[in-house]
Amino acid sequence: MMRFHKACHRFSLSPLCHLSPPSPSPAASLLLLPKLAGFSTLRTSRCARVRRFSDNPLTTVVMSSRAASRLRCLASVCPGGAEDGGGTSNGSVSASATVTEDDELALGTGYRLPPPEIRDIVDAPPVPALSFSPHRDKILFLKRRALPPLADLARPEEKLAGVRIDGHCNTRSRMSFYTGLGIHQLLPDGTLSPEKEITGIPDGGKINFVTWSNDGKHLAFSIRVDENGNSSKPVVWVADVETGLARPLFKSQDIYLNAIFESFVWIDNSTLLVSTIPSSRGDPPKKPLVPSGPKTLSNETKTVVQVRTFQDLLKDEYDADLFDYYATSQLVLASLDGTVKEVGVPAVYTSLDPSTDHKYLLVSSLHRPYSFIVPCGRFPKKVEVWTTDGRFVRQLCDLPLAEDIPIASNSVRKGMRSINWRADKPSTLYWAETQDGGDAKMEVSPRDIVYMQSAEPLAGEEPEVLHKLDLRYGGISWCDDTLALVYESWYKTRRTRTWVISPRSNDVSPRILFDRSSEDVYSDPGSTMLRRTAAGTYVIAKIKKENDEGTYVLLNGSGATPQGNVPFLDLFDINTGNKERIWESDKEKYFETVVALMSDQKEGDLKMEELKILTSKESKTENTQYSLQLWPDRKVQQITNFPHPYPQLASLQKEMIRYQRKDGVQLTATLYLPPGYDPSKDGPLPCLFWSYPGEFKSKDAAGQVRGSPNEFAGIGSTSALLWLARRFAILSGPTIPIIGEGDEEANDRYVEQLVASAEAAVEEVVRRGVAHPSKIAVGGHSYGAFMTANLLAHAPHLFSCGIARSGAYNRTLTPFGFQNEDRTLWEATNVYVEMSPFMSANKIKKPILLIHGEEDNNPGTLTMQSDRFFNALKGHGALCRLVVLPHESHGYSARESIMHVLWETDRWLQKYCVPNTSDADTSPDQSKEGSDSADKEITSLSSQRCFTSQMQHSSALAEQEKADATQTIFS
């Protein structure tokens with residue numbers, strides 16, 4: 001697959017065509033989400049309440065009735081209306097308070113608004129997402145709304161097997177959506193024709209799963225409409241691209257899409273296979289008033305089962321029945337002419353994948369017995385081959401329940417996995433099977449075997465062994481019968497290898513193309529560019545040079561250098577390894593990237609002189625625009641002209657700075673300064689330090705520069721960069737490498753390396769004269785919140801206050817691993833205890849603001865973590881505040897919630913950072929003493945062993961906290 005580095009920070013790009021904001025599904029289009037195009041996820045809950053502790057600085061604000069079971073002294077809050085355009089709300093929204101207000105007023109009830117200079121940036125209208133048609137001759141503009149109202153999150157939802165379901169419309173809850181569709185023709189000169197709006201869509205229709213047909217003549221999508229305050233069940237619609245007219249796919253008004261897992265796929269240019277709600281389905285099962293018996297979990301077989309702290313699991317048989325009720329689909333073949341045919345029996349279908357020649361379907365489904373300790377991605381799974389008209393061909397596998405996948409990195413499910421169709425051949429399957437039982441700790445060679453077989457093999461025909469691997473299989477990029485690239489990697493050593501194979505040439509031995517460390521970004525050769533086939537799949541693009549018989553491919557790389565990323569495009573001879581740089585980003589002012597290959601409409605090799613690529617271009621102050629570049633003259637045609645999303649910060653100052661940790665590790669950070677700021681005239685500023693630690697196996701790799709000084713400053717709705725508008729200096733992403741070289745594990749010296757990294761960063765901004773040494777606040781989200789609490793505990797001399805959002809603070813509550821730590825609590829007891837800021841709550845003396853979503857479903861960061869940490873801080877008299885956001889998950893979505901988070905953060909910074917002079921008179925010796933004491937804390941922490949009861953409670957609460965990245969629920 002194409003690998004687009006930093007896509008999550010810049011835009012979402014995929015050779016996919018299911019363009020639904022929550023989770024696109026494979027098909028054949030190109031989706032671009034410009035910076036700040038992140039989609040909110042919508043969710044539900046109950047009525048709002050508030051907790052206050054009068055004028056005590058140890059304050060909790062909890063706006064949810066769910067919190068009543070956890071916290072005492074709750075007082076009701078009368079619901080109020082939302083502020084200008086925010087939609088209805090479960091809480092009142094009041095104007096921003098100033099720092100001179102009385103605490104009693106500042107800590108009042110209801111939702112609050114940040115200052116206008118912050119609010120205006122967050123409320124700026126979002127730029128539409130873009131989708132190129134399969135033939136690259138049209139661009140679809142997918143229009144989006146701004147932040148959703150809290151009412152959208154407050155709808156009832158079911159939490160079943162790791163999935164949150166809106167039962168009313170039978171979709172995933174918290175689904176975002178598009179509000180309109182418009183098509184532009186891409187003209188020969190690179191300009192866009194006037195927009196052709198897709199018409200016929202009901203007013204207020206919520207659009208999801210936008211999909212091009214393979215010939216580019218039709219769009220398919222789902223629509224929900226509001227009914228009495230709730231969204232209706234989704235209905236599949238189709239639109240004629242030429243006329244722009246949209247209509248329902250089904251003539252019957254009683255056929256609804258079941259969008260819990262798979263939604264629909266194009267079988268051919270006029271037929272879709274749709275997952276529908278079975279027409280025979282009745283009302284949801286009723287929860288028994290009297291239970292049939294106790295809940296019992298047993299391990300009398302003495303099986304070793306270690307699982308992390310997954311959330312939203314099934315609790316009982318009623319939940320299992322409810323999961324079946326909502327997730328079961330009836331597959332329906334529907335033609336554009338109105339013909340409808342049911343295929344297969346109702347089942348919990350999770351994926352539908354047509355073969356390259358559209359003759360067969362790869363159909364995956366879940367079945368009982370279900371589990372109460374792992375999510376549905378580990379439930380028993382059946383994978384079958386059908387013909388596209390619904391005839392059963394054969395069963396590939398029936399995988400049993402997988403509760404026992406080891407927690408070690410690179411451990412996988414036993415049996416067939418990663419089953420897919422070859423992108424370059426008709427009706428040909430391939431998959432991998434583990435040879436180590438799925439246990440990464442087992443030494444075996446080979447570790448994985450990749451197999452290949454036709455959809456309908458002859459009697460007695462065995463699968464063909466395609467390749468054997470000693471690391472963990474990571475996928476295949478197909479080209480043709482003479483060329484494919486196989487990827488393998490191993491996290492423990494950070495080793496990654498790319499193999500060249502000839503799928504149909506048994507006399508050609510596989511050979512290693514690249515063998516390197518995944519941490520070594522300077523050596524990254526780039527990823528092969530893919531072209532679209534006539535069948536709508538993507539294969540490696542072969543390039544033909546005039547009068548040259550070599551086998552050339554295009555390598556698209558991030559171009560990491562000590563001066564920052566300089567993306568490139570290389571013409572690479574796959575046989576000799578010789579390469580020629582045919583395109584490179586500007587280094588002085590702009591940051592450019594190759595987004596996609598656009599000259600891929602023809603089959604066979606692409607001629608070098610006809611090459612056409614899509615590129616993005618941005619600078620520190622100019623937002624991302626897209627252009628076409630055409631060979632041989634490298635003519636550039638800009639095709640977008642998006643307005644600047646926040647012109648008030650258009651002249652912000654940005655610099656990538658480098659400095660050194662005391663152990664010699666090179667560190668980097670991005671320093672942002674407000675528009676018009678001059679340190680010689682204005683003096684040092686209050687500074688917000690916002691970061692997220694990372695693990696490394698080598699000091700050299702940890703010290704490498706990642707990112708570009710010329711990238712545009714994308715400011716999200718809760719970004720630290722918003723405080724540039726409040727005249728703060730922002731130290732964004734200072735590297736916090738936690739290094740474990742050789743046999744040492746990174747977390748063995750976590751606190752020591754964390755403090756050393758923070759000290760080096762603070763010393764650098766103070767040395768530069770841009771940050772006041774007593775006015776530096778620290779903050780972070782998730783693992784960054786964990787970092788924040790640890791720094792306030794072990795490096796109090798560095799920061800005036802802290803902001804910790806959605807963190808985990810007691811690692812003994814995640815006893816079977818966390819983040820990238822795969823040792824258990826019982827294997828690394830000291831590490832778990834010493835890393836936990838909960839165990840050092842008595843040492844936190846600086847003000848700390850804790851914020852958490854009440855319905856956090858991220859493994860490991862249960863809301864309980866913030867509850868208990870706050871109580872521990874309060875029990876030692878720390879100046880602290882806890883804000884629990886009703887209906888919110890790990891990230892925050894609703895406008896009311898986000899505005900309140902910004903208000904809370906701004907209030908905290910204005911009160912405990914901007915005016916802070918508490919450390920101004922601290923002598924250098926006293927500051928050094930604080931630093932020395934922090935270095936000694938690893939030893940002193942080891943005495944904290946009295947947590948037996950904590951361990952007993954935590955053994956049922958395991959976790960997997962994965963670094964703010966979007967995870968799929970399936971293994």
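What comes next concerns the included structure.

The rules we used
- Residues numbered from 1 in each chain as written.
- Predicted model: local features only at pLDDT ≥ 70, side-chain atom pairs only at ≥ 80, totals over all residues.
- Heavy atoms only, no water.
- Helix = DSSP H or I, 4+ residues; strand = E, 2+ residues; numbered from the N terminus.
- Buried < 20%, exposed > 50% of the residue type's maximum accessible area, 1.4 Å probe, protein only.
- Areas by Shrake-Rupley, 256 points an atom, 1.4 Å probe, with all protein chains shown as cover.
- Expected span 1.5 Å × (residues − 1).
- Axes fitted to C-alpha atoms, helices over the stretch in contact; angles between N-to-C directions.
- Parallel < 35°, antiparallel > 145°, perpendicular 65-115°, else oblique.
- Contact = heavy atoms within 4.5 Å.
- Nonpolar A, V, L, I, M, F, W, Y, C, P; charged D, E, K, R; others polar.
- Phe/Tyr/Trp six-rings, centres within 6.5 Å; stacked < 30°, edge-to-face > 60°.
- Pairing = 2+ DSSP bridges.
- Polar contact = N/O pair within 3.5 Å; in protein donor to acceptor, adjacent residues only side chain to side chain.
- Core = buried A, V, L, I, M, F, W, Y, C linked by side-chain atoms within 4.5 Å.

1. Thoughts on the overall build of the protein
Phase 1: Summing up its helical and strand segments, the protein has 14 helices and 57 strands in all.
Phase 2: Counting the 971 residues in the protein, one finds 59% classified as buried.
Phase 3: Summed over all atoms, the accessible surface of the protein reaches about 37700 Å², with 51% contributed by carbon and sulfur.

2. Description of helix H12 (residues 895-912)
Phase 1: The end-to-end C-alpha distance of H12, which contains 18 residues, comes to 25 Å, matching closely the 26 Å that a straight helix rising 1.5 Å per residue would cover.
Phase 2: In terms of burial, H12 is a largely internal element, 17 of the 18 residues being buried.

3. Focus: the packing of helix H8 (residues 750-767) against helix H9 (residues 783-794)
Phase 1: Where H8 meets H9, the axes come as close as 10 Å, and the angle between the chain directions of the two elements is 85°. One element, H8, and the other, H9, form an angle in the roughly perpendicular class. Residues Tyr750, Val751, Leu754, Val755 and Ala758 of H8 pack against Tyr783, Phe786, Met787, Asn790, Leu791 and His794 of H9.
Phase 2: When its residues are assigned to classes, the contact of H8 with H9 shows 9 nonpolar, 2 polar and no charged.

4. A word on the environment of Leu754
Phase 1: Take Leu754: it is sitting in helix H8.
Phase 2: Linking Leu754 and His794, residues 40 residues apart in sequence, is a C-alpha distance of 9.2 Å.
Phase 3: The contact partners of Leu754, leaving out residues within four places of it in the chain, are Pro693, Ile736, Ile738, Met787, Asn790 and Leu791.

5. Focus on the packing of aromatic side chains
Phase 1: Taken as a whole, this structure holds 19 aromatic pairs when the rule is applied.
Phase 2: Between the aromatic rings of Phe816 and Trp826, the centroid separation amounts to 5.4 Å while the plane-to-plane angle is 45°, which identifies the pairing as tilted. Within this pair, whereas Phe816 is found in the loop between strand S55 (801-805) and helix H10 (829-835), its partner Trp826 is found in the loop between S55 and H10, the two being separated by 10 residues in sequence.
Phase 3: A residue is classified by how much of its surface remains accessible, and Phe816, at 12% relative accessible area, is buried.

6. With respect to the environment of Val343
Phase 1: Mapped onto the elements of the fold, Val343 is located in strand S24 (residues 340-354).
Phase 2: For the pair Val343 and Leu273, spaced 70 residues apart in sequence, the C-alpha separation works out to 9.1 Å.
Phase 3: Dropping the residues within four chain positions of it, Val343 is found in contact with Leu273, Gln330, Leu331, Leu333, Trp386, Asp389 and Gly390.

7. Considerations on the sheet that holds strand S35 (residues 511-517)
Phase 1: Across the sheet, 4 strands lie side by side as S32-S33-S34-S35; this open sheet has antiparallel pairing. Whereas interior strands pair on both sides, the edge strands pair on one side only; in this sheet they are strand S32 (472-480) and S35. Each strand axis lies, on average, 15° off the axis of its neighbour in the sheet, ignoring direction.

8. Overview of helix H5 (residues 317-327)
Phase 1: Counted residue by residue, H5 has 9 buried out of 11 residues, so it is predominantly covered.
Phase 2: Listed as buried for H5 are Tyr318, Asp319, Ala320, Leu322, Phe323, Asp324, Tyr325, Tyr326 and Ala327.
Phase 3: Those residues of H5 that are buried lie in contact with strand S10 (158-160), strand S11 (163-166), strand S23 (329-335), S24 and strand S25 (360-366).
Phase 4: The N-terminus of H5 is capped by Asp316, whose side-chain oxygen sits 3.2 Å from the backbone nitrogen of Tyr318.

9. Remarks on the sheet that holds strand S30 (residues 448-454)
Phase 1: Strands sit in the order S28-S29-S30-S31 across an open sheet of 4 strands; the sheet is antiparallel. Each edge of the open sheet is held by one strand with a lone partner, namely strand S28 (416-421) and strand S31 (464-469). Mean inter-strand twist for the sheet, computed between neighbouring axes without regard to direction, equals 20°.
Phase 2: Note that S30 and S31 share 5 bridges and pair antiparallel. Note that in S31 the partner of Asp448 across the bridge is Leu469.

10. Here's the deal with the nonpolar core
Phase 1: If you look at the biggest cluster of nonpolar residues, it comprises 64 residues, and the most contacted ones within it are Phe689, Leu791 and Phe799.
Phase 2: No other element matches the 9 residues that H8 contributes to this core.
Phase 3: Among residues more than four places away in sequence, those in contact with Leu791 are Phe689, Leu754, Val755, Ala758, Val778, Pro796 and Phe799.

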